[in-house]
Amino acid sequence: MQKQIDQFWSLSYQELFKRLDTSQNGLNSSVAASRLSLIGSNMLSSSTKRETLHTLASQFKNSIIILLIFATGLSVFLGNLGDAIIIFIIIFISAILGFLQEKRASNIVQKLLDIVKSTTTVIRDGRDIEIPYDMIVPGDLIFLNAGNRIPADCYIVESKDLFVNEAILTGETYPVEKSVAIIPSETPLNKRTNCIFMGTHIISGIVKALVINTGKNTEMGTIYHHVKSKPPETEFEHGLKKFGLFLIEITILLVSSVFLINVYFDRPVIDSFLFALALAIGLTPQLLPAIVSINLSHGAKIMAQKKVIVKKLNAIEDLGSMNILCSDKTGTLTEGEIKLKFAIDIDGKENEKLLLYGYINSSLETGFVNPIDESLRTHKKFDISKYHKLDEIPYDFNRKCLSILIFDSQKKSNIMITKGAVKNILDKCSYVESCGEKVIDITNVKSKIQRQFEDLSSEGFRIIGLSYRNIKDISTINHNYENDMVFLGFIGFHDPIKSGIIESLQKLKELNVSLKIISGDNMYVTSYVGKMIGLKSDLKILTGTEINKMTTESLTRNVIETDIFAEIEPSQKERIILALKKSGNVVGYLGDGINDAAAIHSADVGISVDKSTDVLKETADIVLLEKNIIVLVDGIIEGRKTFANTMKYIFMATSANFGNMFSMAGASLFLPFLPLLPKQILFTNLMTDFPEMTIATDNVDKETTKVPRHWDLKFIRKFMIVFGLLSTVFDFLTFVFLLYVLNANTDQFRTTWFIESVISASLVVLIIRSKKPLFKSKPGKFLLAVTFIADIFVMMVPFTPIGQILGFVPIPAVFYLSIGSILAMYIISAEIVKWIFYKLINT
C-alpha cells in the first residue's frame, strides 16, 4: 500500500480503491492511524522530532563557540583537563538553557496554531468526521468546496461544477474545470482534469476525492524540495542580522588585539587564546535567540488572549513596527452585513424580474459564500422549480462577473444570467430593457446608465449590474458567450459603517499607523465610506485603471499620498503593497477574500481572519479571531511592547557586557595575571544573562508604544559607547580600589570583580530599560525578583563548591561594602548619564 501509484490519473477510481485498500466507506480508523505512523504527517516541512534536534544543534552553531570547544579540546590534549571540563559544562548549560526556552516558545506557538488549523471532512469508519489537514493519509475520501485549499494529490470520485485555481502549480491564470474521467497516462500535469493537487484551491463547485499522495510525495512536495528556500527576510530579522554583523566586527577587532598583545607579553599561547575566545563569548549575546523567542512567545500568548493568533513569531515585531495598514472596507470598516435595498431598471423603477434573475443566479451558483449572494437569496424567496441549471462560469477577478445557464421548462428556452461589476456587465451588453420589457439598443442610453451608477454609488450603495441572454440549443457555456447581452438593471446593497470604527481608527492614528483602503469596489462608494469613517475631506484616490498606466517608480511616488485605492484587481493589490514597502514603510495588509492572498504574502505583516478561506489563513502571519480594527490595535501595542523588551536585552548586551569585556581586555595588558580565567568569564556571562530570561514580563512605558519602533544600529552604537565606557570607568575604579586600597591577591581580585560585574550588569538593566528615572518607571515584578535572587546567589558563590571549582574564594566583608559603594555610585551615574544621553539624542 505504501508504494506510490504511478500514473494514477489513467486508472478508474474502482481500481484505485483496490490498490489503496479502501472503499466508499473510507478507511478504518486503525488503518488510517497505522498509515499516518508509517508515512508521516501530511506536511512539506520537517517533523517535530527533526525540528527539536535542529533547535538543539543550533545552540552550538555559533562559530565562536565551536572555536572555543576546539581550543578547550586542545588544552585537554596539553594536560589541563580540569578547567577544560568546567568550560565544557558551562557551554553545555548555556546551550541547554537556550534550547529549553526556544523549545518552550515553539510549543506555545504550536498550541496557538492549533486554534486556526485548517480541517477537512473525511469518511472514516463509514462516518463523516473533521480532521486537520496534516492527519490525512492515502486512501482517505475527502469532501471539499469553494474556498478550500486542496490538502493532498487526489483523484476525483464525484464533482459538480468544479473549477480549481492551479496557478501556483501550473502558472495557468484562469480557473480549470475538473470532472470525473479516465485520461491517458501520458497526459501532462496541466491537462489532468480528473485530479486535484496539493496547494491549489477551489474557486467553485464541490468534490468528493480519493487521496493518492500526501506530504513530500505530492507534486507540490517535489517542487518544494527542489526550490526550498527561506521565506523573505522580515524587517525584524533584517535588523537582527545587521546587529549580529555589527557585533562580529567589534568582537574580531577586540579579541584579535587582546590575543596578539598577550602573546607579545610572552604569556602562554593556549591560555591567551582561551582568554581571547572567552572574551568573545562575553561580548556575544549568546542567549539572544532564546531571549527573542521567549519575548515573542510571551507576546503571542498575550495577543491570543486578545483574539489575535500569531502564526509566525517574528511577525509580532513587524506588527509593532508597522506604520501603514492596508485594508478592504467590507467587514473591517463596515459591518459586513450587506442588505439588499433596491433592484431598479434604468428608469429608476423597482423591477421584479431583476430580483428573480438575481435570486436564480445566487441560488444556483457554487462559488464562494459571500454576503451579496446571501443577501439576494434571503431578501425575497422565489419558486424556481421550473428553472433547471445547465452550466456555470464561476466568478473570477479578471471578468468580475458570474454566469449561470438555466433551462426554463415552461418557456422551453435556455437563458444565461450574468451578474457582476457594473462596468464589466455593461461591456458585455448590446441591449437594455426599458419601459417594462421593451428591449432597445444600449448605445444611446449608456451614458445615462453610467450617471445613474455614479449617483447611486456616491450615496454609499454597493451596486452590481445584471444582464441576460437567450441562448438556443446550448447546454454548456464559456466566457466567449458573455456578449450581446441585455442589461436588466441595478441591484443596490447597503453595508453600514461598523460601530466604533471611528474611535478605533483614532486609536490607530494615535499609534502613528495610517490606514489606506484598497478595494475592488468603485471609487464612488469607496470614497463615501472613506469620508464616513473620518479619513479626511480631501481624499486622494487612485483607481486600478490609473495604476495600470503607471510605472513602478511613478506608483512608488504616488502611493504615500493616496488614501484610497479603488476598482483594484488582485494583482494590483500586491503591486501597491510592494510600492509602499519600497518607499520605506512597514506595511500590514488585512484581508479575508481569496483575491487577497498575494497581497497578504507580500506585506511585512499579512493579516487574515479566522472565518476566511483556508488559503488565506495559511498565507497570513497573523489571524484575527474577530474581524475588528480594535483587536488589531491591541496587537500593535503588544508588538511594540515585545520589541521594546527585546531591545532592553540588546542595550544590556551592548553596554554592560561590552564595558566589562573591554575592561577585562584593558586590564589584561597591565596586570601580571589574567583578570578572570576563561571558565570564570563564561560563568559571568551565564549569570549576567540569567535574569534577562524574565525580560518578556517587564513593564513597558506607554510612551514607548506610541510610535513604530525599528532597528537603529547608529543609536545602538552610540548607546554601547556611552554606557559601555561608563561601565569601564567604574570597572577600572574597582581595579584601583582592589589593588591599591584593599591589597587584594589574585583570587580575591577575580572573585570581587566577578561579583561586581554580574551585579552591575543586572542592576543597570533596571536603569536602561526606560528613558524615565527608575522611580517613575517600575520594573516588572518577575524581572525584579529574579534579579534580586541572582544577585544574592552570585554573592554566595565564593562560599560554595561551585565557587571553589571555578577558582573563586570567600572574601572579607569589607570587600562587599566596597562593591556596594561602587555599585551605588555606578547606578546614580548611570541615571545621570541616561538623562543627558536622551536629552542630547532628542535635540
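Structural data are supplied above this passage.
Residues numbered from 1 in each chain as written. Predicted model: local features only at pLDDT ≥ 70, side-chain atom pairs only at ≥ 80, totals over all residues. Heavy atoms only, no water.

Let's talk about the overall build of the chain
For the record, the criterion: In this text, helices come from DSSP runs of H or I with a minimum length of four residues, and strands from runs of E with a minimum of two, each type numbered from the N-terminal end. Relative accessibility thresholds used throughout: buried, under 20% of the residue-type maximum; exposed, over 50%; partly exposed, between the two (1.4 Å probe, protein chains only). Two residues qualify as a contact provided that any one of their heavy atoms is within 4.5 Å of a heavy atom in the partner residue. Only the protein chains shown count as cover for residues, and all accessible areas are computed by the Shrake-Rupley method using a 1.4 Å probe.
A tally of helices and strands in the chain yields 29 helices and 23 strands. Looking at the 843 residues of the chain, the share that counts as buried comes to 55%. The long-range fraction of contacts in the chain, counting pairs at least 24 apart against all pairs at least 6 apart in sequence, stands at 73%. Carbon and sulfur atoms make up 58% of the accessible area of the chain, which totals about 36300 Å².

A few points about the sheet that holds strand β9 (residues 324-327)
So the rule is basically this: Strands qualify as paired when DSSP identifies two bridges or more between them. Angles run from 0 to 180 degrees between N-to-C directions of axes, and those axes are lines fitted to C-alpha atoms, restricted for helices to the stretch in contact.
Pairing within the open sheet is mixed, and its eight strands lie in the order β8-β23-β22-β21-β9-β18-β20-β19. Each having just a single partner strand, β8 (308-310) and β19 (541-543) make up the two edges of the open sheet. When the angles between neighbouring strand axes are averaged without regard to direction, this sheet yields 20 degrees. For β8 and strand β23 (residues 622-624), the ladder comprises three bridges, and the chain directions are antiparallel. By the bridge assignment for β23, V308 is matched with L624.

Looking at the packing of aromatic side chains
The line we're drawing: Pairing of aromatic rings covers Phe, Tyr and the six-membered ring of Trp, with a centre-to-centre limit of 6.5 Å; geometry is then stacked below 30 degrees between planes, edge-to-face above 60, and tilted otherwise. We count a charge as sitting over a ring when the NZ of a lysine or the CZ of an arginine lies within 6 Å of the ring centre and within 35 degrees of the ring normal.
Tallying each qualifying case throughout the model produces 23 aromatic pairs. Members of the aromatic cluster, connected to one another through ring pairs, are F651, F715, F719, F723, F837 and Y838. Here R192 stacks its cationic end above the ring of W9, 3.6 Å away from the centre of that ring.

As for the packing of helix α25 (residues 713-741) against helix α29 (residues 813-841)
Filter applied, for reference: An angle below 35 degrees is treated as roughly parallel, one above 145 as roughly antiparallel, one from 65 to 115 as roughly perpendicular, and anything else as oblique. By convention, the crossing between two helices is left-handed when the near helix turns anticlockwise from the far helix through less than a right angle, and right-handed when the turn is clockwise. Charged means Asp, Glu, Lys or Arg here, nonpolar means Ala, Val, Leu, Ile, Met, Phe, Trp, Tyr, Cys or Pro, and polar covers whatever is left, Gly included.
Look at α25 against α29: their axes get within 10 Å of each other, and the N-to-C directions meet at 155 degrees. The angle between the axes of α25 and α29 places the two elements in the roughly antiparallel class. The handedness of the crossing between α25 and α29 is right-handed. When α25 is examined against α29, the residues F715, K718, F719, V722, F723, L726, S727, F730, L733, T734, F737 and L738 are found in contact with a partner set consisting of F815, S818, I822, M825, Y826, S829, A830, V833, K834, F837, Y838 and I841. In terms of residue class, the contact of α25 with α29 is built from 18 nonpolar, four polar and two charged.

Remarks on the side chain of T366
Rules: For the purposes of these results, a polar contact is taken to be a pair of N or O atoms within 3.5 Å, where, inside protein, one atom must be able to donate a hydrogen and its partner to accept one; residues adjacent in sequence count only when each atom of the pair is a side-chain atom.
Summarising the element assignment, T366 is placed in the loop between α12 (352-364) and α13 (371-379). A polar contact is formed between the side chain of T366 and the side chain of E392, at a distance of 3.0 Å. With near-sequence residues (within four places) excluded, T366 lies in contact with A146, D161, S204, G205, K389 and E392.

Comments concerning a nonpolar patch on the surface
Our working rule: Each patch is assembled from residues with relative accessible area greater than 30% and no salt bridge, linking like charges that lie within 9 Å and nonpolar side chains (Val, Leu, Ile, Met, Phe, Trp, Tyr) that lie within 5 Å. Whenever Lys or Arg places a side-chain nitrogen within 4 Å of a carboxyl oxygen from Asp or Glu, that contact is recorded as a salt bridge.
Taken together, the side chains of I828, I832, W835, I836 and L840 present a nonpolar region at the surface, about 550 Å² in accessible area. Locating L840 in the fold gives a position in helix α29.

Quick look at the pairing of strand β18 (residues 514-518)
Along β18, four of the five residues are buried, which leaves the element largely enclosed by surrounding structure. Pairing analysis gives four bridges linking β9 to β18, with the strands arranged parallel. When the bridges of β18 are listed, L325 appears paired with L515. Note that β18 and strand β20 (residues 564-566) share two bridges and pair parallel. Within β20, the position partnered with I517 by the bridge is I564.

Regarding the pattern of salt bridges
Summed over all chains, the structure comprises 22 salt bridges. Here R124 makes a salt bridge to D140, at a shortest N to O gap of 2.8 Å. With R124 in strand β1 (residues 119-124) and D140 in the loop between β2 (127-132) and β3 (141-145), this pair connects stretches of sequence that are 16 residues apart. When its relative accessible area of 0% is taken as the criterion, D140 is described as buried.

Observations concerning the packing of α25 against helix α26 (residues 746-768)
Packed helices, taken two at a time, are described by their axes: the angle between them and the distance between them. At a minimum axis distance of 11 Å, the contact between α25 and α26 shows a crossing angle of 150 degrees. As judged from the angle between their axes, α25 and α26 are roughly antiparallel. Crossing geometry of α25 relative to α26 is assigned as right-handed. Contact with α25, carried on its side by F719, F723, F730, D731, T734, F735, L738 and L739, involves F749, T752, W753, E756 and I768 of α26 and no other residues of that element. In terms of residue class, the contact of α25 with α26 is made up of nine nonpolar, two polar and two charged.

Here we look at the nonpolar core
Filter applied, for reference: We define a nonpolar core as any set of buried Ala, Val, Leu, Ile, Met, Phe, Trp, Tyr and Cys residues linked to one another through side-chain atoms lying within 4.5 Å.
Of all hydrophobic cores here, the largest spans 38 residues; its most connected members are F243, M647, F651, W711, I716, F719 and I768. For this core, the elements supplying multiple residues, two or more each, are α8 (235-264), α10 (288-305), α23 (629-670), α25, α26 and α29. Residue contacts for M647: discarding those within four places in its chain leaves W711 and I716. A315, L515, I607 and I622 belong to the second-largest nonpolar core, a separate cluster that totals 37 residues.

What to know about the environment of K641
With respect to the secondary-structure elements, K641 resides in helix α23. Note: C-alpha distance between K641 and A696 (55 residues apart in sequence) is 8.7 Å.

Quick word on helix α15 (residues 446-458)
Under the convention used in this document: Expected helix span is computed as 1.5 Å times (number of residues minus one). By definition, the arc is the one covered by directions from the helix axis to the C-beta atoms.
The terminal C-alpha atoms of α15, which comprises 13 residues, lie 18 Å apart, in line with the 18 Å expected from a rise of 1.5 Å per residue. Where α15 is concerned, the buried positions are I449, Q452, F453, L456 and S457. Each buried residue of α15 lies within a common arc of 125 degrees when the element is viewed along its axis, so the set occupies one face. Directly after α15, the chain includes G460, whose backbone phi takes a positive value near 95 degrees.

With respect to unusual backbone geometry
Backbone geometry places D473, a non-glycine residue, at a positive phi of 55 degrees. Here D473 is to be found in the loop between β16 (462-471) and β17 (485-494). What makes D473 exposed here is its relative accessible area of 78%.

Here's the deal with the state of the cysteines
We count it as follows: By disulfide we mean two sulfur atoms from cysteines, separated by a distance within 2.5 Å.
Taken as a whole and assessed by the stated rule, the structure comprises zero disulfides. Of all cysteine sulfurs in the structure, the one in C195 sits closest to C154, which takes part in no disulfide; the separation is 9.1 Å. Take C429: it sits in no disulfide, and the sulfur closest to it among the cysteines is that of C401, at 10.0 Å. Owing to a relative accessible area of 6%, C429 belongs among the buried residues under this scheme.

Let's talk about the environment of S403
Locating S403 in the fold gives a position in strand β12 (residues 401-408). Residue S403 is classed as buried on the basis of its relative accessible area of 0%. For the pair S403 and S467, spaced 64 residues apart in the sequence, the C-alpha separation amounts to 9.4 Å. In this structure S403 touches N361, D391, E392, I393, M416, I417, T418, I477 and E482, once residues within four positions along its chain are discounted. In this structure the side chain of S403 is engaged in a polar contact, spanning 2.6 Å, whose partner is the side chain of T418.

So, the environment of E756
For E756, the position within the fold is in helix α26. Judged by its relative accessible area of 2%, E756 is buried. Distance in space between the C-alpha atoms of E756 and D731 is 8.4 Å, their sequence separation being 25 residues. The contact partners of E756, leaving out residues within four places of it in the chain, are F730, D731, T734, I819, I822 and L823.

Notes on the side chain of D345
As for its placement among the helices and strands, D345 is situated in the loop between β10 (339-344) and α12. With residues up to four places along the chain from it excluded, the contact list for D345 reads N351, Q452, L488 and G489.

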